[in-house]
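Structure assessment
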Amino acid sequence: MLRTFQKVKIFTAAVCLILVLCLTLGGCGGASAQRLKRYSTQYFDLFDTVTVFTAYTADQDEFDRYAGEMYAEMAEFHRLFDIYHDYEGVNTIKTINDNAGISPVRVDGRIIGLLEEAVSLYELTGGAVNVAMGSVLSIWHEYREAALADPEWAQVPPMELLEEAAAHMDITKLQIDRQAGTVYLDDPGMSLDVGAVAKGYATEMVSRKLREDGLTSAMLNVGGNVRTIGAKPAGGWPAVAGFGGEPVAAESGGEPWAVGIQNPDAESSEAYLHSVSLIDAALVTSGTYQRYYEVDGVRYHHIIHPDLLMPWNRYESVTILCGDSGLADCLSTAVFNMEMEAGLALIEGMDGVEALWIYPDKTEVRSSGFAGYEQS
Ligand code: AMP
Ligand code: MG
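All figures in this text were calculated on a predicted structure; none of them were measured in a lab.

Details of the coordination of the magnesium ion (ligand 2)
Surrounding the magnesium ion (ligand 2) are the protein donor atoms Ala-196 (O), Asp-329 (O), Asp-329 (OD) and Thr-333 (OG1), which sit 2.1 to 2.5 Å from the metal. Site description for the magnesium ion (ligand 2): donor spacing in sequence, A-x132-D-x3-T. Remark: Asp-329 occurs in helix H8 (residues 325-336) and Ala-196 occurs in the loop between strand S5 (182-185) and helix H7 (198-212); sequence separation between them is 133 residues. Across the pair, Asp-329 and Ala-196 agree in class, each one buried.

Thoughts on the sheet that holds strand S15 (residues 364-366)
Judged by pairing direction, the sheet is antiparallel, and its 8 strands sit side by side in the order S1-S2-S6-S7-S10-S13-S14-S15 without closing on themselves. The strands lining the two open edges of the sheet, one partner per strand, are strand S1 (37-46) and S15. Neighbour to neighbour, the strand axes of the sheet diverge by 10° on average, direction disregarded. Here strand S7 (residues 225-229) runs beside strand S10 (residues 282-287); their pairing, made up of 2 bridges, is antiparallel. Considered in S10, the bridge of Arg-227 is made with Ala-282. This element, H7, spans strand S2 (49-57), strand S6 (218-222) and S7 of the sheet and lies at about 15° to S7. Against the sheet, H8 touches S7, S10, strand S13 (317-322) and strand S14 (354-358), its axis set at about 25° to S10.

Describing helix H2 (residues 60-80)
With 21 residues, H2 extends 30 Å between its outermost C-alpha atoms, agreeing within 8% with the 30 Å of an ideal straight helix rising 1.5 Å per residue. Buried within H2 are the following residues: Phe-63, Tyr-66, Ala-67, Glu-69, Met-70, Met-74, Ala-75, Phe-77, His-78 and Leu-80. On its buried face, H2 sits against S1, S2, helix H3 (93-98), helix H4 (109-124), H7 and S6.

A closer look at the nonpolar core
One finds Phe-53, Phe-81, Ile-93, Ile-96, Leu-115, Leu-174 and Ile-320 to be the most contacted residues of the largest nonpolar core, which totals 75 residues. Here this core gets 8 residues from one element, more than from any other, and that element is H2. Judged by nonpolar contacts, the second largest core, of 16 residues, contains Val-136, Leu-162, Ala-165 and Tyr-293.

About the thresholds
- Residues numbered from 1 in each chain as written.
- Chains lettered and ligands numbered in written order.
- Predicted model: local features only at pLDDT ≥ 70, side-chain atom pairs only at ≥ 80, totals over all residues.
- Heavy atoms only, no water.
- Donors = N, O, S within 2.8 Å, 3.2 Å for Na, K, Ca; no water.
- Helix = DSSP H or I, 4+ residues; strand = E, 2+ residues; numbered from the N terminus.
- Buried < 20%, exposed > 50% of the residue type's maximum accessible area, 1.4 Å probe, protein only.
- Pairing = 2+ DSSP bridges.
- Axes fitted to C-alpha atoms, helices over the stretch in contact; angles between N-to-C directions.
- Contact = heavy atoms within 4.5 Å.
- Expected span 1.5 Å × (residues − 1).
- Core = buried A, V, L, I, M, F, W, Y, C linked by side-chain atoms within 4.5 Å.

Fair warning: the whole summary comes from geometry, so function is off the table for now.
Laid out in structure tokens, this is it:
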């Protein structure tokens, strides 16, 4: 039999051992949060752009699991929202287009979700973003591709051709039947182009899934369409992985993610004009510099004004900041096509949505709460 004082000694020693283990392994409560490290990776085959995924996780294995999940989910959205390619056994946006005027197409709920959001944004913005503009957008796409392949050939599409196509962009002919799970285009000359909304919607859905599955601190950047999950953790642990083996600078202290707003002037030595602080938020920019071609020294970019049927050069870029990257993507394209008064009124009327307009002469306009997110 042990005497009482011996029992107390053993008990005290055991408590001390547990405490030491807790402190060393960091497995107890708050200490574990400080053990997160920063990892980053990138992909080049999603949505025809560069995807950068950065996250704080306990170790490389955990990061790889989230990165694998992110990639697999994004790849599915990429296939479903594709308008150019066919995929065996999957009905996509292209399948809907191929069946315009022929029959409704049974589609995945994610396509229905995207199209419903696009229709509600069409209504909210007076048609400034219209996913049923495929007939007009495909002409611009063809002319741009041809011009990029052979700059000497570069031409602007004839207005008669654009006007003919514009007879087939009535979004009320996009029939979404949520119950039946089908989509039908009731005009054989009509087609969908979801380029203005798809990346943002996919990024939002995938970010939400990762958060649900336990990821607490990450940034998903799909071609400049940025969505952050949580904040950067407190602790100041050193980075352990970076692009191409380069170390990423060590981060410290429970801070928001810093996201740069690109300078529309690609020739400038300043790549970013401003930087904003984001926690669980999205930042999306529509700009004239992102995709364009030139004819006789004039730039023809990829955002087409639905009334003019031409690129409108009123702004160089419009950036939207809000909590939902799907909404931010829809709004960035729509507000780009709106007069300042209407665009500003729209943004000011929406809770938690801010915007920054940059004009070709570099003048900037901010919605009332935008500066609150800017880093000095
Ligand atoms: P974003 O970069 O998000 O502004 O989207 C631009 C892309 O959306 C273009 O490449 C087109 O595919 C498509 N697009 C261009 N103009 C419009 C428009 N007015 N409404 C809907 N989609 C558009
Ligand atoms: Mg957009």
